[in-house]
Amino acid sequence: MAIALSSAALSGKGTINPLTRVLHFDHNCYYSSTPKLKPIFSLSLKRPRFSSRAAATMSYDKELAAAKKACSLAARLCQKVQKALLQSDVHAKSDKSPVTVADYGSQAVVSFVLQKELSSSPFSLVAEEDSGDLRKEDGQETLQRITKLVNETLANGGTASPLSDQDVLAAIDSGKSEGGSLGQHWVLDPIDGTKGFLRGDQYAIALGLLDEGKVVLGVLACPNLPLQSLACHDQHTIQGKAGCLFFAQVGTGTYMQSLDGSEPRKVNVSSTENPEEASFFESYEAAHSMHDLTSLIAKKLGVKAPPVRIDSQAKYGALSRGDGAIYMRFPHRGYREKIWDHAAGSVVVTEAGGVVTDAAGKPLDFSRGRYLDLDTGIIVTNQKLMPTLLNAVQESLKEKASSL
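The rules we used
- Residues numbered from 1 in each chain as written.
- Predicted model: local features only at pLDDT ≥ 70, side-chain atom pairs only at ≥ 80, totals over all residues.
- Heavy atoms only, no water.
- Pairing = 2+ DSSP bridges.
- Helix = DSSP H or I, 4+ residues; strand = E, 2+ residues; numbered from the N terminus.
- Axes fitted to C-alpha atoms, helices over the stretch in contact; angles between N-to-C directions.
- Contact = heavy atoms within 4.5 Å.
- Buried < 20%, exposed > 50% of the residue type's maximum accessible area, 1.4 Å probe, protein only.
- Disulfide = S-S within 2.5 Å.
- Salt bridge = Lys/Arg side-chain N within 4 Å of Asp/Glu carboxyl O.
- Phe/Tyr/Trp six-rings, centres within 6.5 Å; stacked < 30°, edge-to-face > 60°.
- Core = buried A, V, L, I, M, F, W, Y, C linked by side-chain atoms within 4.5 Å.
- Parallel < 35°, antiparallel > 145°, perpendicular 65-115°, else oblique.
- Left-handed = near helix turned anticlockwise from the far one by under 90°.
- Polar contact = N/O pair within 3.5 Å; in protein donor to acceptor, adjacent residues only side chain to side chain.

Caption draft 1: How the structure looks around the sheet that holds strand β9 (residues 204-211). Ordered in space as β7-β8-β9-β10-β11-β12-β13, the seven strands form an open sheet in which the pairing is mixed. Only two strands of the sheet have a single neighbouring strand rather than two, namely β7 (125-127) and β13 (265-267). For this sheet, the mean inter-axis angle between neighbouring strands, taken without regard to orientation, is 20°. The strands touched by helix α2 (residues 61-83) within the sheet are β8 (184-192), β9, β10 (214-226), β11 (242-249) and β12 (253-258), with β10 carrying the most contacts at an inclination of about 30°. Lying over the sheet, helix α3 (residues 101-117) contacts β7, β8 and β9, oriented at roughly 150° with respect to β8.

Structure below.
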């Protein structure tokens with residue numbers, strides 16, 4: 001008789017792992033005391049597939065509290081840097097995209113806070129940055145500035161122990177995990193939308209948690225996103241207070257509060273059923289998504305409103321509270337999506353009642369390591385609009401292919 005343990009993955013040494021919440025056994029069979037008898041029952045050591053139903057019965061309250069604290073502190077650091085942004089803060093990675101001291105500082109803060117708040121749990125972080133450039137001789141001055149920023153931020157957040165340069169490097173490099181389908185892994189983009197950050201526009205600190213390859217919680221800190229709706233279609237003209245923190249835990253919904261700690265309120269995606277009444281988000285940078293394709297799709301849908309183009313996973317946050325009804329992203333050929341660009345945002349939207357799929361209508365698979373292998377692009381909307389949107393996407397992709 002085989003026994004299935006609904007949310008337990010079996011392996012190892014007869015202990016309970018506090019992070020993954022799984023039981024471990026030394027053997028895969030139990031026998032009666034009578035010799036030469038077949039096993040009475042067996043326990044498969046293969047990890048069962050994670051189910052959303054199992055996730056919904058599990059609480060990630062402690063992890064969510066730590067994630068909110070980490071992202072809020074990282075947002076403070078980023079706000080400080082953006083206000084005093086200097087050209088010398090910008091470095092070039094191998095892909096030529098800009099990196100600032102805020103990227104490194106944000107990753108160090110998030111890593112340190114998570115490890116401190118969840119000290120009894122094994123720690124795995126999949127993150128964008130590594131300290132390679134900072135360890136070079138010409139990176140020492142930048143490293144010292146980052147360490148100063150990190151310590152000031154942590155001190156303001158109630159963490160008294162100052163970190164050394166080596167502590168900061170270690171915190172940054174804790175993000176080298178490859179992720180995968182086993183156990184728990186934090187997924188971080190310390191500044192999603194770096195170009196928007198450099199322009200003084202939208203960016204996000206995006207942090208998600210994978211459990212057995214599924215995203216079970218997400219936090220988006222969006223320092224420049226107004227607390228009021230972006231419905232006017234031009235985020236530059238919106239007046240009023242800015243700084244939003246979106247957070248979601250599987251099975252409990254999505255909430256938004258101000259970064260300075262207002263009372264959280266539950267949010268939901270747009271209930272729009274008529275595509276002609278829908279507005280859609282897309283990437284600000286044409287280099288990040290094919291605007292001609294999204295324009296064709298919008299035309300097929302009959303969408304009348306112009307696209308709202310903003311940087312980063314702030315789009316996911318804005319969509320989760322109903323600012324728009326659709327988000328489409330179609331990277332240029334050869335680009336591979338990274339899991340940190342969508343993990344937090346995807347759960348924020350789905351817990352708000354939305355749907356996130358690739359261009360073929362398949363759910364995003366975060367269990368395969370640091371990259372998302374998906375069909376053509378990513379589409380996000382509410383459940384009622386998804387069939388119509390998916391049909392328009394498929395037709396537009398065929399037309400575009402036939403015209404090449």
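Caption draft 2: Region of the structure containing unusual backbone geometry. If you check the backbone angles, serine 312 has positive phi at about 75° while not being a glycine. Examined against the element boundaries, serine 312 turns out to sit in the loop between β15 (308-310) and α8 (314-320). For threonine 376, which is not glycine, the phi torsion reads 70° and is therefore positive. Within the element layout of this structure, threonine 376 appears in the loop between β19 (371-372) and β20 (378-382). Using a relative accessible area of 35% as the deciding quantity, one classes threonine 376 as partly exposed.

Caption draft 3: A look at the state of the cysteines. Applying the stated rule across the entire model yields zero disulfides. Cysteine 222 forms no disulfide, and the closest cysteine sulfur to it belongs to cysteine 244, at a distance of 6.5 Å. Take cysteine 222: its relative accessible area is 0%, and that puts it in the buried class.

Caption draft 4: Here's a closer look at the pattern of salt bridges. Applying the stated criterion across every chain, the model contains 18 salt bridges. When the shortest N-O distance is used, the salt bridge between lysine 80 and glutamate 152 registers 2.5 Å. Of this pair, lysine 80 sits in helix α2 while glutamate 152 is found in helix α4 (residues 140-156), placing the two residues 72 residues apart along the sequence. According to the relative accessible area criterion, lysine 80 is partly exposed, its value standing at 45%. Exposure remark for glutamate 152: the relative accessible area of 26% places this residue in the partly exposed category. Salt-bridge contacts for aspartate 173 lead to arginine 135; the nearest nitrogen and oxygen are separated by 3.0 Å. Of this pair, aspartate 173 sits in helix α5 (residues 165-173) while arginine 135 sits in the loop between β7 and α4, and the two are 38 residues apart along the sequence.

Caption draft 5: Broad picture of the pairing of β12. Within β12, five of the six residues are buried, which leaves the element mostly enclosed by the surrounding structure. Counted along the chain from β11 to the antiparallel partner β12, the turn is three residues long, and its residue glycine 251 has a positive phi close to 85°. Strand direction decides the pairing type here: β12 and β13, joined by three bridges, are antiparallel. In the sheet register, tyrosine 255 faces β13, and the bridge partner there is lysine 266. Hairpin connection between β12 and β13: a loop of six residues separates the two successive antiparallel strands, and glycine 261 in this loop has a positive phi of roughly 100°.

Caption draft 6: Up close: the packing of aromatic side chains. With the rule as written, the count across this model stands at three aromatic pairs. For the pair phenylalanine 247 and tyrosine 255, a centre-to-centre distance of 5.8 Å together with 15° between the ring planes defines the contact as stacked. Judged by relative accessible area, phenylalanine 247 falls into the buried class, the value being 7%. Ring geometry for tyrosine 316 against tyrosine 327: centres 5.2 Å apart, planes inclined by 90°, an arrangement best described as edge-to-face. You can see tyrosine 316 sitting in helix α8 and its partner tyrosine 327 sitting in strand β16 (residues 326-329), a full eleven residues away along the chain. Each member of the pair, tyrosine 316 as well as tyrosine 327, carries the same accessibility label: buried.

Caption draft 7: Seen up close, the nonpolar core. The biggest cluster of nonpolar side chains holds 52 residues, and the ones touching the most others in it are Val109, Val110, Val150, Trp186, Ile205 and Leu207. Here the element with the most residues in this core is α2; it accounts for eleven residues. Once you skip the residues sitting within four places of it in the chain, valine 109 turns out to touch Ala70, Leu73, Ala74, Leu77, Val150, Thr153 and Leu154. Among the nonpolar cores identified, the runner-up in size contains 39 residues, and Ala248, Val347, Ala352 and Ile378 belong to it.

Caption draft 8: Structural context of the packing of α3 against α4. Taken N-terminus to C-terminus, the directions of α3 and α4 make an angle of 45°; their axes are 9 Å apart at the nearest point. The orientation of α3 with respect to α4, classified from their angle, is oblique. Viewed along their axes, α3 and α4 form a crossing whose handedness is right-handed. Contacts from Val101, Tyr104, Gly105, Ala108, Val109, Phe112 and Val113 in α3 reach Thr142, Ile146, Leu149, Val150, Thr153 and Leu154 in α4.

Caption draft 9: View of α5. Where α5 is concerned, the buried positions are Val168, Leu169, Ala171, Ile172 and Asp173. If you follow the buried residues of α5, they end up packed against α3 and α4.

Caption draft 10: Spatial organisation of the side chain of serine 312. Overall, serine 312 belongs to the buried group, its relative accessible area being 10%. Here alanine 314 takes part through its backbone nitrogen, which lies 3.0 Å from a polar atom of the side chain of serine 312.

Caption draft 11: The sheet that holds β15, seen in detail. Spatially, β15-β14-β16-β20-β18 is the arrangement adopted by the five strands of the open sheet, whose pairing is mixed. The strands lining the two open edges of the sheet, one partner per strand, are β15 and β18 (354-358). On average, each strand axis in the sheet is inclined to that of its neighbour by 20°, with strand direction left out of account. The pairing of strand β14 (residues 280-283) with β15 spans three bridges and is parallel. Considered in β15, the bridge of glutamate 282 is made with arginine 309. Helix α9 (residues 343-350) rests against β18 and β20 of the sheet, and its axis sits at about 140° to β18.

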